[in-house]
Structures are given as structure tokens and as C-alpha cells.
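A closer look at the structure
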Amino acid sequence: MNYETILVEQRGAVTLVTLNRPKALNALNGRVLSELLHAMAAFDADPSQGCAVLTGSEKAFAAGADIKEMQAQGFADMYGHDFFAGWDAFTRTRKPVIAAVAGYALGGGCEVAMMCDFILAADTARFGQPEIKLAVSPGMGGSQRLARAVGKAKAMEMCLTGRMIDAEEAERAGLVSRIVPAADLVEEAIKTAATIAGMAPLAVKANKEMVNAAFDMGLSQGVQFERRLFHGLFGTQDQKEGMAAFVEKRAGVWTGK
Ligand code: CO8
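Let me begin by describing the structure that accompanies this report. (Residues numbered from 1 in each chain as written. Predicted model: local features only at pLDDT ≥ 70, side-chain atom pairs only at ≥ 80, totals over all residues. Heavy atoms only, no water.)

As for unusual backbone geometry
This is how it is decided: Numbering of helices and strands starts at the N terminus; helices are DSSP runs of H or I of at least 4 residues and strands are runs of E of at least 2.
One non-glycine residue, Asn26, lies in positive phi territory at about 60°. Structurally, the position occupied by Asn26 is in the loop between strand E2 (14-19) and helix H1 (30-45).

Brief notes about the site of the ligand
Under the convention used in this document: We define proximity as follows: a residue is near a molecule or strand when any one of its heavy atoms falls within 4 Å of that partner. Side-chain atoms alone can form a polar contact between residues adjacent in sequence; in general such a contact is a pair of N or O atoms within 3.5 Å, and within protein one must be able to donate a hydrogen while the other accepts it. Each accessible area is a Shrake-Rupley estimate made with a 1.4 Å probe; only the visible protein chains count as cover when residues are assessed.
Neighbouring residues of the ligand: 24 residues in total, closest Lys59, Ala63, Ala65, Ile67 and Gly108. Between Lys23 and the ligand, the recorded distance is 3.3 Å, taken from a backbone N or O atom to an oxygen atom. Ile67 is positioned such that a nitrogen or oxygen atom in its backbone is 2.9 Å from a nitrogen atom of the ligand. Across the complex, the protein chains shield 66% of the 1100 Å² of accessible surface that the ligand would expose by itself.

Examining the environment of Cys116
Where we set the bar: In this analysis, two residues are considered to be in contact whenever any of their non-hydrogen atoms come within 4.5 Å of each other.
Among the secondary structure elements, Cys116 is positioned in the loop between helix H5 (108-115) and strand E7 (118-122). Between the C-alpha atoms of Cys116 and Arg228, which are 112 residues apart in sequence, the distance is 24 Å. With residues up to four places along the chain from it excluded, the contact list for Cys116 reads Leu54, Phe90, Val97, Ile98 and Ala99.

A look at the sheet that holds E2
Note the following rule: Two strands are counted as paired when DSSP detects at least two bridges linking them. A fitted line through C-alpha atoms represents every axis, and for helices the fit uses only the stretch in contact; the resulting angles, taken between N-to-C directions, go from 0 to 180 degrees.
The sheet built from six strands is open, its strands ordered E1-E2-E3-E5-E7-E10 with mixed pairing. A strand with exactly one partner marks an edge of an open sheet, and here the two such strands are strand E1 (6-11) and strand E10 (178-180). Each strand axis lies, on average, 25° off the axis of its neighbour in the sheet, ignoring direction. One ladder, built from four bridges, connects strand E3 (residues 51-55) with strand E5 (residues 97-101); its direction is parallel. Note on E5: the bridge partner recorded for Leu54 is Ala99. Each of E1, E2, E3 and E5 is contacted by H1, which is oriented at about 175° to E2, the strand it contacts most.

Comments concerning helix H7 (residues 152-161)
Threshold: Each residue gets one of three labels from its accessible area relative to the maximum for its type: buried under 20%, exposed over 50%, partly exposed in between, using a 1.4 Å probe on protein chains only. The directions from the helix axis to the C-beta atoms are what the arc is built from.
Among the residues of H7, Ala155, Met158 and Cys159 are the ones counted as buried. Considered in projection along H7, the buried side chains sweep an arc of 95° and stay on one side of the axis. Opposite the packed face of H7, turned more than 90 degrees from it, sit the exposed residues Ala153 and Leu160. Buried residues along H7 sit in contact with strand E8 (126-128), helix H6 (142-150) and strand E9 (165-166). One or two steps after H7, the chain reaches Gly162, where phi turns positive at roughly 75°.

Focus on the side chain of Gln49
Relative to the helices and strands, Gln49 resides in the loop between H1 and E3. A residue is classified by how much of its surface remains accessible, and Gln49, at 3% relative accessible area, is buried. Setting aside chain neighbours within four positions, we find Gln49 in contact with Gln10, Gly12, Ala13, Val14, Thr15, Phe43 and Lys95.

Focus on the sheet that holds E8
A sheet is described by the order of its strands in space; here four strands give the open sequence E4-E6-E8-E9, paired in mixed fashion. Every other strand in the sheet has two partners, leaving strand E4 (60-62) and E9 as the edge strands with one partner each. Bridge count between E8 and E9: two bridges; the pairing is antiparallel. For Arg126, the partnering residue across the bridge sits in E9 and is Asp166. H5 contacts E4, strand E6 (104-106) and E8 of the sheet and is inclined by roughly 95° relative to E6.

With respect to the packing of helix H10 (residues 201-213) against helix H11 (residues 219-233)
Note the threshold: Orientation is classified from the angle alone, with under 35 degrees giving roughly parallel, over 145 giving roughly antiparallel, 65 to 115 giving roughly perpendicular, and any other angle giving oblique. Three classes are used: nonpolar for Ala, Val, Leu, Ile, Met, Phe, Trp, Tyr, Cys and Pro, charged for Asp, Glu, Lys and Arg, and polar for all others, with Gly counted as polar.
H11 packs onto H10 with a crossing angle of 175° between their chain directions and a minimal axis gap of 10 Å. In terms of axis orientation, H10 runs roughly antiparallel to H11. Contacts between H10 and H11 involve Leu202, Ala203, Ala206, Glu209, Met210 and Ala213 from the former and Phe225, Glu226, Leu229, Phe230 and Leu233 from the latter. Counted by class, the contact of H10 with H11 contains nine nonpolar, no polar and two charged residues.

Right under this line is the structure:
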């Protein structure tokens, strides 16, 4: 596929995907979605790749869904085509994806960042769900993921007023894992992704699945799910290697089996 709206490069075992519609502050349209889904499927299928980083520009991770694309649509178009339901496929990426956010992550931009496994924020990052100002609402999971990430009070205030929060407030609220200086954001995200890519691949997938299960399951069901995946990892060669390497005081060498 010939990408027009994203850039994709491999840095060792890390796939770096950069949203690239600078004139529209990386607004998310149908083309971005189809290119991103294609790139993520290729990343997931490539055994040389262990973790991805999704980033934007210094000014904007993404300023939302493309308002100009949505403007003329009616209910029949949106509902009939289940507009943007394709983003659900992005969340089914099995290997981890880190969002590296500088500048604006608004509306759909904030929602896509939250679809990633965690968010690293530049000190310039600003998050918001300003759809209310357009007389609509989040439509890509924002009301649900934001409420789970930051709690009802802050999510409700952000959705009802459109107020943006800066990186400090986002970190205090638990929306981002940590803040790094803007100039270091992408390199720090790649370094973090390389650490993950250096872990045993089946254990990485299992850890991702079980943390995500915490958002879908009740506690006892989730704990049971975790335990079964934990038990399952004892069927892998990498578990034998990992524990032998610890006892022998050396680094583990993974086969992904
Ligand atoms: N869509 C389309 N174009 C956009 C968007 C967007 N979301 N955001 C910015 N742009 C364009 C502007 O129109 C402008 O283009 P042009 O030069 O042709 O006029 C260019 O990007 C630069 O933008 P500004 O001149 O506005 O830049 P500023 O630095 O002055 O302002 C802001 C930056 C504050 C980010 C401002 O651009 C802004 O408020 N943007 C809109 C933010 C917003 O409302 N986002 C939510 C969109 S709705 C949404 O995401 C719903 C998600 C759910 C959909 C799923 C449905 C099922």
C-alpha cells in the first residue's frame, strides 16, 4: 500500500508510525484509518518487530476526526456505514503500541492515543474531548476510555466543557504513564518500545491481554483470566529459558516459542 497520510519506519525491532497530515494537524479521516490499519497488520505479522510507537508532529498528535469529512454527513451515512467502527480493529493489534503525544491530542486524537497501550506525553501535550463545542460527542470510545483512565469527575468535566488538560494534569490524573521533554519524546518512546521488544514475545502478548482484560472484566473473572494466562506461559520454551537465565546469572535468549 502506498501511504499518503502516515510514515512508517523500522528502528530495529520497533515500528515507528508517524501521522503525517501536517496541514490538517493530523486530523483523522478514512484514508488515515485504512493506512494505519494496514501498517498495524503488517507490524503484527512481522516476527522481527516487537513493539510500535504511534506519534504525530511537534504541534499535534492529532487534532481530532476530520471535521471537514464529517460536516455534510447525516445520520443515515454515519449509522448506515457505522462510521469509524474500523478503529476497533486498531485496538485488536496484539503487540504493544505506545502513543508518543506532543501538542494537541483532541477529540479522535485523544481517543486514538487512549486506544494505544499507554501514552508517553511530551511536556507540550494537551488532551481534550472538545466535540461538545461542535454539538456532538466523542465517537471513538473517548467517553468510555477517558472515564476509565481519569475517573468520572474529570472525564465528565472534559466532555461537557471541552476543557483541555496539559501534560502535568494528564499525568496526575493517570492518563499518561510519564512526561518527557518534547525534544526527547520520540527517542524516549523508541527506547521504551525497544525494551518491550527485547522481552519474550509470548509473555509480552499475555501481559498486554491481561492488563486490557482489567477494563472489560470483573475482578474475580479478571484474576482468573490472569492466572490461566500465567499458567499457560509455563508451556513456553521462553519461560524455561528465562528462569534458567536468572539462575545462571545471564541474559535470556528468546525464541518466541
Ligand atoms: N478536522 C479537520 N481539519 C482540522 C481539524 C480537524 N479536527 N483540526 C484542525 N484542522 C485544520 C484547520 O481547519 C486548519 O486548516 P486550514 O488551514 O485549511 O484552515 C489547520 O488544520 C490548522 O488549524 P488551525 O488554523 O485551527 O490551527 P490553530 O493552531 O489556530 O488551532 C486547534 C489548533 C486548537 C487544534 C484547532 O485547530 C481546533 O480546535 N481544531 C479542532 C479540534 C476539534 O474540535 N477536534 C474534535 C473533532 S471531532 C472528533 O474528533 C470526533 C471523534 C469521533 C468521531 C467518530 C464518529 C463515529
